[in-house]
Amino acid sequence: SQFGETGVIEILLEGDQQMTVNDQGEIKVKDTAFDSEALNYIANPDTPFMITEVEGTSRFLSSVLLNTFKQERAIDQLNWSILATQDADEILAPVRDQQRVNTILGLIVVVSAGIVAAYVGQLIAQPITNLTNVAQEVAAGNLDIQAEIETQDEIGVLAASFNDMTKQLRESIFTLEQRVTDRTQA
């Protein structure tokens, strides 16, 4: 029986021979091309599969001893194995395709996260930058400038407090100048 492009299911006879059936239904028996490690696995399959080189090609092997459901001794004692083989490239193609898709999706997620992080960082930093510029103007002597209150969070509260402080400073200086003028006239 065949499956996929390179998959074959065969019966391995005792004595290291393979029984195959071609497309015309003819049964053929031939010597196996498996090495001793593969033959040992086929005779005693302790894992679901193994990977081995067969005629210069990396192939997956999966084997199970041929047994009947009704415990037919004549068949069960033959020590035949059912063997499925398939090229490693063909069997691993979906895994490679999935890895490629996962890599592309991972890159998309990383780039998207970077863009979102840059946007959120800008959104958070912009009000602080604006308040810093206003503070520098006030430090330079411009008491008429007011900080824009862009948000209602802690930065907005800080901007409102800064505006109150600037207003009080402006009023204090005006009051001080007024006193100096009044005393000068007196």
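What comes next is a walk through the structure. Predicted model, so just to flag it, every value in this text is computed and none were measured.

This next bit is on the nonpolar core. In this structure, Leu-12, Phe-34, Ala-38, Leu-39, Tyr-41, Ile-42, Met-50, Val-54, Leu-61 and Leu-83 together form the largest nonpolar core, which totals ten residues. Elements that contribute at least two residues to this core include exactly α1 (36-43) and β5 (50-54). When residues in this core are grouped by element, the largest group, four residues, is from α1. Among the nonpolar cores identified, the runner-up in size contains seven residues, and Val-138, Leu-143, Ala-147 and Ala-159 belong to it.

A pair can form between side chains of opposite charge whenever their charged atoms are brought close. Across all of its chains, the model carries two salt bridges by this definition. One salt bridge connects Arg-59 with Asp-87, and the closest N-O pair in it is separated by 2.5 Å. Separated by 28 residues along the polypeptide, Arg-59 in strand β6 (residues 57-65) and Asp-87 in strand β7 (residues 81-87) bring together distant segments of the chain. For the pair Arg-59 and Asp-87, one class covers both residues: buried. A salt bridge links Arg-100 to Asp-97; its shortest N-O distance comes to 3.3 Å. On the criterion of helical spacing, the pair formed by Arg-100 and Asp-97 is a turn pair, its members being three residues apart in helix α3 (residues 88-139). On the accessibility criterion, Asp-97 (39% relative accessible area) is partly exposed.

This brings us to α3. Taking 1.5 Å per residue as the helical rise, α3 with its 52 residues ought to reach 76 Å, and the 73 Å between its terminal C-alpha atoms agrees with that figure. Pro-94 marks the point of greatest bend in α3, at about 35°. Those residues of α3 lying buried are Ala-88, Pro-127, Leu-131, Val-134 and Val-138. Against β6, β7 and α4 (154-185) lie the buried residues of α3.

Calculation rules
- Residues numbered from 1 in each chain as written.
- Predicted model: local features only at pLDDT ≥ 70, side-chain atom pairs only at ≥ 80, totals over all residues.
- Heavy atoms only, no water.
- Core = buried A, V, L, I, M, F, W, Y, C linked by side-chain atoms within 4.5 Å.
- Buried < 20%, exposed > 50% of the residue type's maximum accessible area, 1.4 Å probe, protein only.
- Helix = DSSP H or I, 4+ residues; strand = E, 2+ residues; numbered from the N terminus.
- Salt bridge = Lys/Arg side-chain N within 4 Å of Asp/Glu carboxyl O.
- Expected span 1.5 Å × (residues − 1).
- Bend = angle between axes of the 7 residues up to and from the residue.
- Contact = heavy atoms within 4.5 Å.

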